[in-house]
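Below are the chains, spelled out letter by letter.
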Amino acid sequence: VPANAMNPKETNGCEALTAVEGTAARPNFQVLDFDKDADEFAQFAIAFPKSWNLGTITYQAFWTGIAATTGVAWGLAGVAMNDNESIDAAFGTAVVVTDDSQGSATELLVTAESGAVTIAGTPADNDLTYFTIYRDVSDGNDDMAGDARLHGVKIFYTTDSANDA
């Protein structure tokens with residue numbers, strides 16, 4: 001899920017999507033910036049295929065940092081919405097994964113795969129699943145003294161059939 005498919009949350013939202021250019025004629029980065037001083041959030045939604053087994057998911061965050069060799073903590077939580085169900089529902093418990101910057105501000109960083117994220121609600125076929133991702137600055141491993149730039153998230157899920165027939 002690329003950053004340009006995410007939106008800052010209305011409450012404690014991260015910065016709006018921005019394009020960052022490293023060197024002319026090289027890739028631009030489409031990123032959401034998350035501040036170092038407070039937890040900031042973005043949101044996106046996925047309609048999983050019917051082959052999803054409706055179980056837990058895991059994720060990896062793709063990011064860059066401003067400061068070298070310091071850490072950032074990313075949290076992710078989700079909630080599934082069935083047909084004719086209120087969207088005004090609480091996200092499940094967030095799972096946090098941490099990662100350290102290893103070099104320059106233009107170096108792409110990829111977290112380890114997270115622990116299992118349980119989707120709140122009652123996941124079912126044809127649901128729309130809302131996710132919130134955030135920088136968890138209260139996590140003891142988040143000590144980067146600048147913005148963390150989220151490029152995107154990879155979602156891992158298990159299937160229980162070969163197709164969606």
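Look a little higher up for the structure.
Let me begin by describing the structure that accompanies this report.

Reading the values: rules and limits
- Residues numbered from 1 in each chain as written.
- Predicted model: local features only at pLDDT ≥ 70, side-chain atom pairs only at ≥ 80, totals over all residues.
- Heavy atoms only, no water.
- Helix = DSSP H or I, 4+ residues; strand = E, 2+ residues; numbered from the N terminus.
- Buried < 20%, exposed > 50% of the residue type's maximum accessible area, 1.4 Å probe, protein only.
- Lys, Arg positive; Asp, Glu negative; His and termini not counted.
- Salt bridge = Lys/Arg side-chain N within 4 Å of Asp/Glu carboxyl O.
- Polar contact = N/O pair within 3.5 Å; in protein donor to acceptor, adjacent residues only side chain to side chain.
- Contact = heavy atoms within 4.5 Å.
- Pairing = 2+ DSSP bridges.
- Phe/Tyr/Trp six-rings, centres within 6.5 Å; stacked < 30°, edge-to-face > 60°.

Things to note about the side chain of Asp136
For step 1, the next point in the chain: Relative to the assigned elements, Asp136 resides in the loop between strand 9 (128-135) and strand 10 (148-156).
For step 2, the next point in the chain: An unpaired buried charge is present at Asp136: no salt bridge exists, and Arg135, the closest side chain of opposite charge, is 8.7 Å distant.
For step 3, the next point in the chain: There is a polar contact of 2.7 Å between the side chain of Asp136 and the side chain of Ser138.
For step 4, the next point in the chain: Once you skip the residues sitting within four places of it in the chain, Asp136 turns out to touch Asp39, Ala73, Val96 and Asp142.

Some points on the pairing of strand 9
For step 1, the next point in the chain: Of all eight residues making up strand 9, seven are buried, and the element is well covered by its neighbours.
For step 2, the next point in the chain: Taken together, the seven bridges between strand 4 (residues 40-46) and strand 9 define a ladder with antiparallel strand orientation. Residue pairing in the sheet places Ala45 in a bridge with Tyr130 of strand 9.

What to know about the sheet that holds strand 7 (residues 95-100)
For step 1, the next point in the chain: Strand order across the open sheet formed by five strands is 1-4-9-6-7, with antiparallel pairing between neighbours. The sheet is open, and its two borders are formed by strand 1 (7-8) and strand 7, each paired with just one other strand.
For step 2, the next point in the chain: Where strand 6 (residues 71-81) and strand 7 come together, six bridges link them in antiparallel fashion. Bridging from a neighbouring strand, Trp74 pairs with Val97 of strand 7.

Some remarks on the packing of aromatic side chains
For step 1, the next point in the chain: Under the criterion given, the structure shown has seven aromatic pairs.
For step 2, the next point in the chain: Taking the centre distance of 5.1 Å and the plane angle of 90° together, the rings of Phe34 and Trp74 count as edge-to-face. A residue pair is termed long-range when its members are at least 10 positions apart, and Phe34 in strand 3 (residues 28-34) and Trp74 in strand 6 qualify at 40 residues. Across this residue pair, the class does not change: Phe34 and Trp74 are buried.

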